[in-house]
Amino acid sequence: MTRPDTPAGPAGAQASPEDSGAERPARARSKPRGGPAGAQRNEQKGGGKADSGRWSKGEARKGGPRQTPQGAAHDGAGRRPFAKPRARHPQGGEAAEGPVLLYGLHTIEAAFRNPDRRRHRLLATENAQRRLAERGIAFDVPVETVNPRQLDHLVGRDAVHQGAVLEADPLPAFGARDLAKARLVLALDQVTDPHNVGAILRSAVALAADAVVTTERHAPEEGPVLAKSASGALDMVRHVRVKNMARFVTEMREAGFKTIALDSEGPARLEETELGGKVLLVLGSEGKGVRQGVREACDALARLDMPGAIASLNVSNAAVLSLYIVRQALERAGAIPAAGGK
């Protein structure tokens, strides 16, 4: 196998700038600027400040509430129903601390089923509410009935929200200490594309991996793009974030894991590599592969040989193939239960 070579392409809608709300300095009323026209404007405004264009006609700066698309000034908690959550952006690549917007029926269903997910409110069309209820979801948060256009305004027209958006907190930060009972773990060394990581999370759930590990820096933060790409898997498999991947690999070796890095220059095929009862698979970033320091921390290097004309695989495809190979080997050795024909 050659190293995954899909170029990174992090996606995400750019947030619109927030209204600062700062008022302009007051002008003297006795001598309005602009001559008679300025005096006429001041007379129409009742001697107030110049209109900035951000308020409805005839509304004083400190007067009635600003209207939202639903015709309500706020949701009763001092916030506008369709205002984007003001998440604090991560420093140094760490996970965001503020609320995130999750969209798509599979993603929201998984978030409601995950006891570790703290939820705040659901904005959904009547049809989406009905479809979620048909799947057995009990709404334990306030529900606001909206139309698709309002959700487009909230998450962007390109977002396939399927009529539902959930405001929730990011998942708790898991660490190596949470993997004491794990048997099959997949680590991603600086894989940056959220679509690839989302696909890998889905594969990890499908093949019953115990956890997916990413670095805190040079990895996608938890957010709507990653969650949608994972199609619910983000809430179905433990996602561990570590500061130093080489140190994490060393800790896993000391905990009894066989640590294997996939590399095109591996001396043996993955199928021929000796495995123990617990395995940590390490895949590298798009184009660069597993970094040298991380490779040196692993027990072994292994490769995936492709029989076809294209010898390299996208990192998400390499992940699902390697997970399948290792899981089959662990099942044959009796280290993990067989899938039972599922």
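What counts as what
Residues numbered from 1 in each chain as written. Predicted model: local features only at pLDDT ≥ 70, side-chain atom pairs only at ≥ 80, totals over all residues. Heavy atoms only, no water. pLDDT = per-residue confidence, 0-100. Helix = DSSP H or I, 4+ residues; strand = E, 2+ residues; numbered from the N terminus. Phe/Tyr/Trp six-rings, centres within 6.5 Å; stacked < 30°, edge-to-face > 60°. Buried < 20%, exposed > 50% of the residue type's maximum accessible area, 1.4 Å probe, protein only. Lys NZ or Arg CZ within 6 Å of the ring centre and 35° of its normal. Salt bridge = Lys/Arg side-chain N within 4 Å of Asp/Glu carboxyl O. Lys, Arg positive; Asp, Glu negative; His and termini not counted. Polar contact = N/O pair within 3.5 Å; in protein donor to acceptor, adjacent residues only side chain to side chain. Contact = heavy atoms within 4.5 Å. Pairing = 2+ DSSP bridges.

A. Inspection of the confidence of the model for the chain at higher detail. Taken as a whole, the chain shows an average pLDDT of 79; of its residues, 71% reach a score of 70 or greater. When pLDDT is averaged over each helix and strand of the chain, the minimum, 44, is found for helix 1 (residues 35-44) and the maximum, 98, for strand 5 (residues 184-189).

B. Seen up close, the packing of aromatic side chains. Scanning the entire structure with this criterion turns up one aromatic pair. Between F112 and F139, the aromatic rings sit 5.9 Å apart at their centres with planes inclined by 65°, giving edge-to-face as the arrangement. With F112 in helix 2 (residues 105-113) and F139 in the loop between helix 3 (126-134) and strand 3 (143-145), this residue pair connects regions lying 27 residues apart in the sequence. Classification of F139 as partly exposed rests on a relative accessible area of 29%. The aromatic ring of F174 is capped on one face by R238, whose charged end is 4.1 Å from the ring centroid.

C. Seen up close, the pattern of salt bridges. Tallied over the full model, the rule gives 17 salt bridges. Put simply, D235 and R117 hold a salt bridge, and the shortest N to O gap is 3.0 Å. Residue D235 is found in the loop between helix 6 (224-230) and strand 7 (238-242), and its partner R117 is found in the loop between helix 2 and strand 2 (119-124); the two are separated by 118 residues along the sequence. Of the two residues examined, D235 and R117, each falls in the buried class.

D. Broad picture of the side chain of K278. Inspection of the secondary structure puts K278 in the loop between strand 9 (268-269) and strand 10 (279-284). Although K278 is buried, it makes no salt bridge; D210 carries the closest opposite charge, 9.7 Å away. At 2.9 Å, the side chain of K278 forms a polar contact with the backbone oxygen of A255. If near-sequence neighbours (up to four positions away) are discounted, K278 is found in contact with A182, R183, A255, G256, F257 and K258.

E. Up close: the pairing of strand 8 (residues 258-262). For strand 8, the buried fraction is high: four of the five residues fall into the buried class. Pairing between strand 8 and strand 10: four bridges, direction parallel. Following the sheet pairing, I260 is matched in strand 10 by L281. Examined bridge by bridge, strand 8 and strand 11 (residues 300-303) share three bridges and lie parallel to one another. Opposite I260, over in strand 11, you have A300 as the bridge partner.

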